[in-house]
Amino acid sequence: MVTSYFSFRGEVARPLAAGLLEDLWLHVLGLRSGLVVESILMGPEVPGRHDVRMKIGNSSGTRSHITATLRMAFGDAVPSHAAADEATVEPWGHAEFKLPYAVTERGKLSLSLDLTNGDRNVMSLDRVQSIPEMVEFAVKDRHVYPVEGRLAFSAAFTPDAEVSLDTCRGQLVIDGKLALDLKPLKPAGDYSVGVSKLAVGKHRARLRLVHAGRELGAKKMEFYRYATPRVYSRSDGTTIVNRKPFFPFGWYHVSWSFTSEERLQCLRDIAAGGFNALHAGIKQIDEWEPLLEEAEKLGVHVVTEFGVDSVKVITRYRDKKAVLAWNPGDEPDGGGVAPEEMLRRFDSFKLADPEHPTYMTLCVPQTYSRYAGCAEVIAPDPYPIPHSPTSAVYDILSQARTEAAKYGRPVWGILQCFGYEKGPWRVPTFAECRNMTYLALLAGVKGIIYYTYADTGFKVTDHPDLWRDMQTLPAEIRTLTPFLLGSRLVKLETGHADVFAGAWTRGKRVVVCVVNTSPKESRQVDLILLTAAKGPARPLFAGRPSGLVFQKGRLRGAVGGMEVEVCELTR
């Protein structure tokens, strides 16, 4: 049974695993006292009159007189006597106990069950129940923009035990008017309601549980509807800046140990290299003015991370044209910051500045499902070198996209371009960096920011060959940008587990990308395109010849180890 406990994984299965261990422990306690616990049934987690029912067997050769005592308490009070039952159990015989109690409050309920044999305590069982509110009402995002036009919410209804949910109805009232009638009613569900016709501003929503024309309970909340903001994500995930599509392509600067001038030099370097985005940290509120003004002149957009009061920074600088997004906290999943706290920060940021999105880096793939709705841009940071193949970038970003899509969030890729003399990471080669870049594009990211231009242990300009070669990538991304922002990516089967391929189609142009993640081995590909195309296959980038040939409707050729092939066909 202990081995089985470890086979239960994830939040959903945890109560089952805990119950398994608890059953085992009760069984052991009973056997020590000559009893076999055959079943224990607690009452449901709902207000009303209930019973604790218990069956036991006497595994000893002597008669036992067993008394069962139930104590209970609401909240943090000390449990007090609620009921008792007793029975004389013959050797190898059985007995049943029925202990009535009444749930009159909602919230925390503590139940304590004690079995005694004469003056000797046989076993004790403590259970804590959570009696839910009659109406539970949660909005996934109370900041609604025209791109969504709908308010998504979850609802749960728990009337008292004597009221059947089948005879109830749920009603969502917005600003005093009925907006949605939920009938037939489910105990819990996810819903949405159109709000695009509401005026821009704050609105009040109230979810009611109604029975026989009488309101049993209700819960209310506020939400906000906005006009089209300065920066947002289109329904396909594309970033829109001042009504124009934008593909963020830039660098991190981990600013905490550097001077303002060193950070400005980073900004100038990446702008000269053709990059258009910077993620940096603010340490003093006055220092951000020159950075944002310089960024505006250079055409670089800035994601801000905070070392000072975030809302004060946002309020002061939200009108600056270089602002791209606000970061409420890097890697909260790795740092133990709960999703609830990230949602609180998200809400405070939106109230301070509805014109710019929130941005959040994640580092633990197992937690993506919990955090994916906590910011408007989800940015995983897979760093595989040297312990994993570069294909991990595709796998991790694809997983993140699946979770983020549930909330309508885009994914940006935070890609490795760093390493240390001591530690788990080494500096990747340019071939590895380029390989990871195109894997991220094939995974469907809507932006790329490399980690890092500089942190306490690494500075990319200290690796002049790598920095020189990385500056060739912006020209490639600019060439690809019309496809990245204006067409659908179609995955292509390659026949190799370590080779990835996809195609973008825009008008009469078809761009095909093939990435071989094997470090050394060449792979022969024979791709069937899922859209009508004709050759010849031409290299998309000058100076990067392609070994792929288009013949009889198929794209064929060899792709070398760690190589990326990008070619163009016509329709």
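Notes on the structure follow.

Reading guide: rules and limits
Residue numbers run consecutively from 1 along every chain, following the written order of its sequence. With the structure being a predicted model, the display of local features is reserved for residues of pLDDT at least 70 and the display and counting of side-chain atom pairs for 80 or more, all residues being used for whole-chain, interface and lining totals. To obtain the side-chain values, all non-hydrogen atoms of the structure were included, while hydrogens and water were left out. The helix and strand labels rest on DSSP assignments: H or I over at least four residues marks a helix, E over at least two residues marks a strand, and numbering proceeds from the N terminus. Where helices are involved, their axes are fitted lines through C-alpha atoms of the stretch in contact, as for all axes, and angles between N-to-C directions lie from 0 to 180°. The labels follow the angle: roughly parallel below 35 degrees, roughly antiparallel above 145, roughly perpendicular from 65 to 115, and oblique for the rest. Helix crossings are classified by the rotation of the near helix relative to the far one: an anticlockwise turn of less than a right angle makes the crossing left-handed, while a clockwise turn makes it right-handed. It only takes one pair of heavy atoms within 4.5 Å for two residues to be counted as in contact. Gly falls in the polar group here, along with every residue not listed as nonpolar (Ala, Val, Leu, Ile, Met, Phe, Trp, Tyr, Cys, Pro) or charged (Asp, Glu, Lys, Arg). For two strands to pair, DSSP has to find at least two bridges joining them. Here the term buried applies to any residue with accessible area under 20% of the maximum for its type, exposed to any over 50%, and partly exposed to those in between, with areas from a 1.4 Å probe on protein chains only. Any pair of Phe, Tyr and Trp rings, taking the six-membered ring for Trp, is counted once the centres come within 6.5 Å. Such a pair is stacked with planes under 30 degrees apart, edge-to-face with planes over 60 apart, and tilted for the rest. The length a helix should cover is 1.5 Å for every residue beyond the first. A pairing counts as a salt bridge when a side-chain nitrogen of Lys or Arg comes within 4 Å of a carboxyl oxygen of Asp or Glu.

On to the environment of G281, then. Within the secondary structure, G281 sits in strand β20 (residues 277-282). As a C-alpha pair, G281 and F458 span 177 residues in sequence and 17 Å in three-dimensional space.

With that settled, the discussion passes to the packing of helix α9 (residues 391-405) against helix α10 (residues 430-442). Here α9 crosses α10 at 25 degrees, and the two axes come no closer than 8 Å. In terms of orientation, α9 lies roughly parallel with respect to α10. The chirality of how α9 crosses α10 is right-handed. On α10, the residues touching S391, V393, Y394 and L397 of α9 are M436, L439, A440 and L442. Residue composition of the contact of α9 with α10, by class: 7 nonpolar, 1 polar and no charged.

Let us now look at the sheet that holds strand β17 (residues 239-241). In spatial order, the strands read β16-β17-β18; together these 3 strands make up an open sheet with antiparallel pairing. Pairing within the sheet leaves two strands with one partner each, and these edge strands are β16 (231-233) and β18 (244-246). Strand-to-strand, the axes of this sheet are offset by a mean angle of 35 degrees, without reference to chain direction. Sheet topology places β16 next to β17; 3 bridges connect them, and they run antiparallel. Within the sheet, the bridge partner assigned to Y232 lies in β17 and is I240.

Here the amide bond leading from K183 into P184 is cis, since omega sits at 0 degrees, within 30 degrees of zero. Examined against the element boundaries, P184 turns out to sit in the loop between β12 (177-182) and β13 (188-194). Between I385 and P386 the backbone carries a cis peptide bond, its omega angle lying at 10 degrees. By the element assignment, P386 lies in the loop between β24 (377-380) and α9. Backbone geometry at N242 places phi at a positive 50 degrees, although glycine is not the residue there. With respect to the helices and strands, N242 occurs in the loop between β17 and β18. Since its relative accessible area comes to 43%, N242 is described here as partly exposed.

Across the sheet, 5 strands lie side by side as β28-β29-β30-β35-β32; this open sheet has antiparallel pairing. A strand with exactly one partner marks an edge of an open sheet, and here the two such strands are β28 (489-492) and β32 (534-539). Geometrically, the sheet is characterised by an average inter-axis angle of 25 degrees between neighbouring strands, direction not taken into account. Bridge count between strand β30 (residues 509-516) and strand β35 (residues 564-570): 7 bridges; the pairing is antiparallel. Pairing of V511 across the sheet is with E568, part of β35. Set on the sheet, α10 makes contact with β28, β29 (499-506), β30 and β35; between it and β30 the angle comes to about 125 degrees.

Two elements in contact, helix α5 (residues 310-317) and helix α7 (residues 339-352), have axes whose closest approach is 9 Å; the angle formed by their N-to-C orientations is 25 degrees. With respect to α7, the axis of α5 lies roughly parallel. Seen along the crossing, α5 lies across α7 with a hand that is right-handed. For the pair α5 and α7, the contacting residues are S310, V311, I314 and T315 in the first and S348, F349 and A352 in the second. Along the lines of polarity and charge, the residues of the contact of α5 with α7 split into 4 nonpolar, 3 polar and no charged.

Quick look at the pairing of β12 now. The pairing of strand β11 (residues 168-174) with β12 spans 5 bridges and is classified as antiparallel. Directly across from I174, in β12, lies its bridge partner K177. In sequence, β11 turns back onto β12 through a hairpin of 2 residues, with D175 there showing a positive phi of about 50 degrees.

The subject of this paragraph is the packing of aromatic side chains. Applying the stated criterion across every chain, the model contains 23 aromatic pairs. Here Y359 and W412 contribute two aromatic rings whose centre-to-centre distance is 5.7 Å and whose plane-to-plane angle is 55 degrees, an arrangement assigned as tilted. Of this pair, Y359 sits in strand β23 (residues 359-362) while W412 sits in the loop between α9 and β25 (413-416), and the two are 53 residues apart along the sequence. Per residue, the accessibility class of Y359 equals that of W412, and both read buried. With a centroid separation of 6.4 Å and 70 degrees between ring planes, the pair formed by Y420 and W425 is classed as edge-to-face.

Since the α-helix advances by 3.6 residues per turn, residues separated by three or four positions end up pointing in the same direction. In this model, α10 (13 residues) spans 18 Å end to end at C-alpha, consistent with the 18 Å of a helix rising 1.5 Å per residue. With 12 of 13 residues buried, α10 lies mostly within the body of the structure. All buried positions along α10 are accounted for by F430, E432, C433, R434, N435, M436, T437, Y438, L439, A440, L441 and L442. G444 lies just past α10 and shows a positive phi near 90 degrees.

The full count for this structure, using the stated rule, is 35 salt bridges. Across the pair R468 and D469 runs a salt bridge whose closest N-O atoms are separated by 3.2 Å. On the basis of relative accessible area, R468 is assigned to the partly exposed category, the value being 48%. Of the charged contacts, one joins R509 and E568 as a salt bridge, the two residues approaching to 2.6 Å between their closest N and O atoms. Here the residue R509 occupies a position in strand β30, and E568 occupies one in strand β35, the gap between them amounting to 59 residues. Using a relative accessible area of 12% as the deciding quantity, one classes E568 as buried. Overlapping salt bridges bring together K202, R204 and E222 as one network.

Here we come to the pairing of strand β14 (residues 201-211). Strand direction decides the pairing type here: β11 and β14, joined by 7 bridges, are antiparallel. Residue pairing for β14: C168 is matched across the bridge by H211. Both β14 and strand β15 (residues 214-225) contribute to a ladder of 11 bridges, which runs antiparallel. Directly across from H203, in β15, lies its bridge partner F223. The antiparallel hairpin formed by β14 and β15 contains 2 residues in its connecting segment, where A212 sits at a positive phi of about 55 degrees.

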